[in-house]
Structures are given as structure tokens and as C-alpha cells.
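# A structural walkthrough
Okay, here's what each chain looks like letter by letter:
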Amino acid sequence: MLLEQHLERCDNDLRLLILRIAESCKTIRSGFASRQACSDTENVYGEKQMALDKWADEVLISDLRASGLVKYLASEEQPEILEFKSKGNLGVTMDPLDGSSLIGVNLAVGTIIGIFRGNVLSPGREMVAAMYVLYGPLTTLTYTARKGVHEFVLNPEGNYVLQEENIRIPEGNIFAPGALRKEYLPGHLKWIERLESEGYKIRFSGSFVADVHQILHKGGVFTYPGFRGKENGKLRLLFEGNPIGFIVTEAGGAASNGRGNILEIKPEKVSQRTPVYIGGKREIKLIEDINREA
Ligand code: AFP
């Protein structure tokens, strides 16, 4: 089954938007070979932007503006929420290229999208859909519109073909722990030691979207915790934590900041960061229990 057929179960504007983004991601994929160089500009977080980052951001902004479906667009690469004159009222959050520091070493990176009706500065649980496209050996598109999590593969003819429907996160024993161990907070250290004692294996690539994709299929947990000096961690609530947390929750997992569901947080600003724990319910309950008892 093709993506366009699968999306027939969604509202028309949502269907058109997901298809529009799927097309933009084909364009982004096509730029990988020719746009490897580093640009000399920095994004709002003071990070050096890759040429491909900036270009992917431009591709998506331009396509979403032209779609007539999107009113608000928040991008990890932009300091403010963009507002378009549009018939539609959809709000989009996007990380155009997550894991961009891996582009130069040919590891998997991805595009992460959250979709709201209206205001994007809303709790993640108000999303109507979320998706990511992973650019690995294959290009895959994973989406949820609150009716299960489904995965498609881009075939040589340029069509997204259904690979797996209604994905459920299994139990597993891998963990992807971000941040430096010497800077862990006590509750987090206790949790990590517990997972290690249970035989969890490390799988951390530096690309959040790729690491969570593996966990969605094999079970386990991804974390980029708060740590000493940066108690809110590194990842952004709007662009990374919420959309991916929404997808994994819809697949039967959970998403937490270590104390509660991140999808319940009302964002105060576009660039808000949050500690992130995303994966199986058991692992997430364990960190929340440890932090509650501390
Ligand atoms: P980039 O998109 O700047 O490469 O950042 C990737 C990321 O936000 C996330 O995808 C990774 O899990 C995390 O940063 C890796 O951070 P460290 O480099 O601190 O391990």
C-alpha cells in the first residue's frame, strides 16, 4: 500500500500536509551528495550550521508556505515562529535535519515533524500527528495521526510503500544514554546503574531520531537527561522531545522528563529544552519512581 492510500483515513488537510512533507523529504534526501560543506553561520543555539541543515530548513519552509495548509511554523533553525497567510490552520514544528553533525561521517540523520491544529506553543498531547523521515541506507517515513504508528519505505520509483503497520514497541534491552557520565545527576546515575545491572547494551549514535527508531523496533530506552550545569538537558521540547515522544507513546511506550510525561508540558518558549526519556513504559516508570523517592 502506498502512503497516499494509507492517509485516506486522515482529514484531508492533514493528509495533504503529510504528503507535502514526504515530498520535501525526497528533495532533502537528493541534496545529501552535493551539500556536505559547513556553512559559516550559527543557529539560534550558537551551533554551527551545516549547509545541508540550512538548505533543508529552506526547502521545508518554502514548501510549507506554498502549501496553503500551514499557518504557524516553528523550526529548530529559526529564532521565531513563522506565520503564513494561509487558508489552512495547521501548526508545524520541525527539526529539518536532526543529527546533522553525523552528515560528514555518513551516519543516519532525520527530519522530525510535529503537527497541531493552530498554536504550536501547546502541550505535545495536543498534536494531531507527528512523523519523522530517517535517511539511512533506506529512507523510511514513520507517522502517527493518532491511529497507530506506521512505517513506509521510499522505493526506487520514488513511492513511499507500507513496510509495517501498527508498530508496537517491544520489550528490549538496549539503551541510548546521552550526556557525560561524570555530570549525571544522582537519580539518573542510579537508573543507569540499574539498567546496566540488568544487562542493557549501549546503542548511542549521536542522532536522536536514528537511536529512537532502533528502540521503537527493538525496545529499550533513549535518554538525554538533565545533567550538572544543564539541568534541562540538551534536546528541545518542541522539535525533538514532543514529536518523537508522541510517536513512541502512540506505539505503546512513554515519554518523560524523568518526573512526568513531557507531552503534558505547556511550552513557554520555542527554544525550550527538556530532559528526555523515551522508550518502554517499564524503563520510564523506573526513572520516575527513582526520582520520586529521591
Ligand atoms: P545535531 O542535530 O546538532 O547533530 O544534534 C543532535 C542531537 O540534538 C541529537 O540528535 C543527539 O541525540 C544529541 O544531539 C547528541 O548530543 P551529543 O553530541 O552531546 O552526544
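Described below are features of the structure shown in this document. The structure presented is a predicted model; accordingly, all values stated were derived computationally and were not measured.

### Considerations on helix α4 (residues 186–197)
The terminal C-alpha atoms of α4 lie 16 Å apart, and with twelve residues this matches the ideal 16 Å at 1.5 Å per residue to within 8%. For α4, the set of buried residues is Gly187, His188, Trp191, Ile192 and Leu195. When α4 is viewed along its axis, its buried side chains cluster within an angular range of 135° and face the same direction. The exposed set on the far side of α4, more than 90 degrees from its buried face, consists of Pro186 and Ser197. Backbone geometry just downstream of α4 places Gly199 in the positive-phi region, at approximately 90°.

### Focus on the pattern of salt bridges
Under the definition given, this model contains 13 salt bridges. Among the ionic pairs, Glu23 bridges to Lys26, the shortest N-O distance being 2.9 Å. You can see Glu23 and its partner Lys26 sitting in helix α2 (residues 12–30), three residues apart, about one turn around the helix. Take Glu23: its relative accessible area is 36%, and that puts it in the partly exposed class. Two residues, Arg236 and Glu76, come together in a salt bridge whose shortest N-O distance is 3.2 Å. Here Arg236, found in the loop between β13 (221–224) and α6 (237–250), pairs with Glu76, found in the loop between β3 (70–75) and β4 (82–83); they are 160 residues apart in sequence, far enough to count as distant. Like Arg236, the residue Glu76 is buried in the burial classification. Within the structure, one salt-bridge network assembled from shared partners comprises Asp11, Asp13 and Arg117.

### Details of the site of the ligand
Not every one of the 14 residues close to the ligand is listed here, only the nearest: Asp98, Gly99, Phe208, Tyr224 and Lys234. In the model, an oxygen atom of the ligand is placed 2.9 Å from a nitrogen or oxygen of the Gly99 main chain. Between the ligand and Glu240, the relevant distance is 3.0 Å, taken from an oxygen atom to a side-chain nitrogen or oxygen of the residue. Relative to its unbound accessible surface of 490 Å², the ligand loses 78% to contact with the protein. Every element with two or more residues in the shell around the ligand is listed here: β5 (90–98) and β13.

### Description of the packing of α4 against helix α7 (residues 281–293)
The contact between α4 and α7 brings their axes to 9 Å, and the two run at 140°. Of the possible angle classes, the one that applies to α4 and α7 is oblique. Two packed elements cross with a definite hand, and for α4 against α7 that hand is right-handed. Where α4 approaches α7, its residues Gly187, His188, Lys190, Trp191, Arg194 and Leu195 are matched on the opposing element by Glu283, Leu286, Ile287, Ile290 and Asn291.

Calculation criteria
Residues numbered from 1 in each chain as written. Predicted model: local features only at pLDDT ≥ 70, side-chain atom pairs only at ≥ 80, totals over all residues. Heavy atoms only, no water. Helix = DSSP H or I, 4+ residues; strand = E, 2+ residues; numbered from the N terminus. Expected span 1.5 Å × (residues − 1). Buried < 20%, exposed > 50% of the residue type's maximum accessible area, 1.4 Å probe, protein only. Arc of directions from axis to C-beta. Salt bridge = Lys/Arg side-chain N within 4 Å of Asp/Glu carboxyl O. Near = heavy atom within 4 Å. Polar contact = N/O pair within 3.5 Å; in protein donor to acceptor, adjacent residues only side chain to side chain. Areas by Shrake-Rupley, 256 points an atom, 1.4 Å probe, with all protein chains shown as cover. Axes fitted to C-alpha atoms, helices over the stretch in contact; angles between N-to-C directions. Parallel < 35°, antiparallel > 145°, perpendicular 65-115°, else oblique. Left-handed = near helix turned anticlockwise from the far one by under 90°. Contact = heavy atoms within 4.5 Å.

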